[in-house]
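Chains, contacts and geometry: an overview
Read off the chains here:
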Amino acid sequence: MLNLRFIQENPELVIEKLKKKNFNAADIVGQISGLYKKKNEIQVQADQVKAEMNKLSKEIGQLFREGKQAEANAAKERTTELKDSIKQLDDEFAQIDEQVFQLQVQLPNLPADIVPEGRTPEDNVVVKTVGDIPDLGDSKLPHWELASKYDIIDFELGVKLTGAGFPVYKGKGSRLQRALINFFLNEAEKAGYLEIQPPLMVNEDSGFGTGQLPDKEGQMYHVTEDNLYLIPTAEVPVTNLYRDVIVDAKDLPMKNTAYSACFRREAGSYGKDVRGLNRLHQFDKVEVVQVAHPEQSYGILDEMVAHVEGLVQKLGLPYRILRLCGGDMSFTSALTYDFEVYSAAQEKWLEVSSVSNFESFQANRLKLRYRDEQTKKPVVAHTLNGSALALPRIVAALLENNQTPEGIKVPEVLVPFCGFDRIK
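First things first, this report covers the structure right here in the doc. (Residues numbered from 1 in each chain as written. Predicted model: local features only at pLDDT ≥ 70, side-chain atom pairs only at ≥ 80, totals over all residues. Heavy atoms only, no water.)

Quick notes on the overall build of the protein
For the protein, the count of helices and strands is 13 helices and 19 strands. By the compact-globule yardstick of 22 Å for 424 residues, the protein is too spread out, its C-alpha radius of gyration being 28 Å. Referenced to the eigenvectors of the C-alpha coordinate spread, the extents of the protein come out at roughly 110 × 45 × 40 Å. With 424 residues in all, the protein has 49% of them scored as buried. In the protein, of all internal contacts separated by at least 6 residues, the share reaching a separation of at least 24 is 74%. (Helix = DSSP H or I, 4+ residues; strand = E, 2+ residues; numbered from the N terminus. Rg over C-alpha atoms; globule rule 2.2 N^0.38 Å. Buried < 20%, exposed > 50% of the residue type's maximum accessible area, 1.4 Å probe, protein only. Contact = heavy atoms within 4.5 Å.)

Below is the structure:
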């Protein structure tokens, strides 16, 4: 969340910057300013009452020693009244604190200056496009038909077992999934990431820490009896490893990677864009997460983008990188780059990764800090993450783009992991 002092000292800047995210912050910022002023007034009153009580407390002993019993008892009665006043002021102070907090968490992260204006995905900026789109001719099949033809993914069986959006992978389909996961994890390890195997459910504090709660609770599967949430991405548990932690500056950046199943309700999704693997409720993904020094985070963002780009290149897929406009960015992000690969049979671009710098937004919620080497004081860190990569649309593009009359060619980098070079 945004720093409260920053909001107080820069109200117009916050309002203006959030316009780029198409968020009208004027009312919330105004309410915060009014409550903050009231809170300061209460603090002044409380300090005055406490000062009077401290003065009386010192006088009471002196009055008793001087034999002024009546005056001492009157002073004691006054201190009782003052204690009641302090409790009332403290309660009011706490209530205002909670009101300010509830307003504060409604404000999205401020977009970086480089973020383009815009409201929809059509306003995103294409940074680069790489690779040739394969010409498959008129006999090309979409991946859902290829999955059925080669008996590697069963969508109907998934519906029987669970519902739409929960496919069953079979045979070489399962082995291809496992090969991709291992390939992505191996590449992350080569890049210096420590592998983590996180829980697939998190508590409310974890969901709040990374910004899924309360912003995206409608998209998360909620285990109501235990008040736990199935993770929408490994970003949530992995970043929360550092909740309420002060790390040493010399240990930054801290780099973690994790494979996990991901669960998303995807409420409101319908139509042709949800065919096959295009949009699922459960899918596999390898995530990379970094905790960084604020002065290094944008250089690290570029490094993470380059890492994801290397994965897509090694898979031989045509791709493009987009810088998201303000209206298409997440609640928590300061700057996001999306990767899309081209699906030759569907003839459209499919998003396979988002790489984001959250600056201090998540770290403020997490109370994640590092100890400055010079001042020895704790300072809020920056957090970043990226999909490296999400599997379903990668699989869709691999199946479609590599189809031949002799079967589906497997990218050379995956052959050592899956044990075959063609699905036939």
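Regarding the packing of aromatic side chains
The final tally for this structure, using the stated rule, is six aromatic pairs. When the ring of phenylalanine 101 is compared with that of phenylalanine 208, the centres are 5.8 Å apart and the planes differ by 45°; the resulting orientation is tilted. Taken together, the residues span a long stretch of sequence, with phenylalanine 101 in helix H4 (residues 69–104) and phenylalanine 208 in helix H8 (residues 204–209) at a distance of 107 residues. Centroid distance phenylalanine 331 to phenylalanine 361: 5.8 Å. Interplanar angle 75°. Geometry classified as edge-to-face. Pair noted here: phenylalanine 331 is in the loop between strand E11 (319–323) and strand E12 (335–343) and phenylalanine 361 is in helix H11 (residues 361–366), with a separation of 30 residues, a long-range link. For the pair formed by phenylalanine 331 and phenylalanine 361, the shared burial category is buried. What links up through ring pairs into an aromatic cluster is the set Phe183, Phe184 and Phe417. Just above the ring of phenylalanine 420 sits the side chain of lysine 172; from NZ or CZ to the centre is 4.8 Å. When the ring centre of phenylalanine 208 is taken as reference, the NZ or CZ atom of arginine 365 above it lies at 4.1 Å. (Phe/Tyr/Trp six-rings, centres within 6.5 Å; stacked < 30°, edge-to-face > 60°. Lys NZ or Arg CZ within 6 Å of the ring centre and 35° of its normal.)

Regarding helix H12 (residues 391–401)
By the criterion of burial, H12 is predominantly enclosed, with 11 of the 11 residues buried. Three or more residues of H12 are buried, namely Leu391, Pro392, Arg393, Ile394, Val395, Ala396, Ala397, Leu398, Leu399, Glu400 and Asn401.

What to know about the sheet that holds strand E14 (residues 369–371)
Hydrogen bonds between backbone groups are what pair the strands of a sheet, and the pairing can be parallel or antiparallel. Here three strands make up an open sheet; going across it, the order is E8-E14-E15 and the pairing mixed. Each edge of the sheet is formed by a strand with only one pairing partner; in this case those strands are strand E8 (246–248) and strand E15 (378–380). Averaged over all pairs of adjacent strands, the angle between their axes in this sheet comes to 40°, without regard to strand direction. Pairing of E8 with E14, which is carried by three bridges, proceeds in the parallel orientation. What sits directly across from isoleucine 246, in E14, is arginine 369. (Pairing = 2+ DSSP bridges. Axes fitted to C-alpha atoms, helices over the stretch in contact; angles between N-to-C directions.)

Overview of the packing of helix H7 (residues 172–190) against helix H10 (residues 297–314)
Axis separation between H7 and H10 bottoms out at 11 Å; the angle between their running directions is 140°. Classified by the angle their axes make, H7 and H10 are oblique. As H7 packs across H10, the resulting crossing turns out to be right-handed. Residues Phe183, Phe184, Glu187 and Ala188 of H7 form the contact with H10, whose participating residues are His307, Leu311 and Lys314. (Parallel < 35°, antiparallel > 145°, perpendicular 65-115°, else oblique. Left-handed = near helix turned anticlockwise from the far one by under 90°.)

As for the environment of serine 174
Relative to the helices and strands, serine 174 resides in helix H7. Here serine 174 falls in the partly exposed class, since its relative accessible area comes to 29%. For the pair serine 174 and isoleucine 153, spaced 21 residues apart in the sequence, the C-alpha separation amounts to 8.1 Å. At a separation of 3.4 Å, a polar atom in the side chain of serine 174 contacts the main-chain amide nitrogen of lysine 170. (Polar contact = N/O pair within 3.5 Å; in protein donor to acceptor, adjacent residues only side chain to side chain.)

A look at the side chain of asparagine 402
Tracing the sequence through the fold places asparagine 402 in the loop between H12 and strand E17 (403–404). The contact partners of asparagine 402, leaving out residues within four places of it in the chain, are Ala397, Gly407, Ile408, Lys409 and Pro411.

Some points on the side chain of serine 356
Topologically, serine 356 is positioned in strand E13 (residues 348–357). In this structure the side chain of serine 356 is engaged in a polar contact, spanning 2.7 Å, whose partner is the side chain of threonine 336. In contact with serine 356, not counting residues within four places along its chain, are Leu301, Ser333, Leu335, Thr336, Thr383, Leu384 and Asn385.

Some points on helix H2 (residues 11–19)
Among the residues making up H2, those that are buried are Val14, Ile15 and Leu18. Down the axis, H2 shows its buried residues gathered within 95° of arc, on one side only. (Arc of directions from axis to C-beta.)

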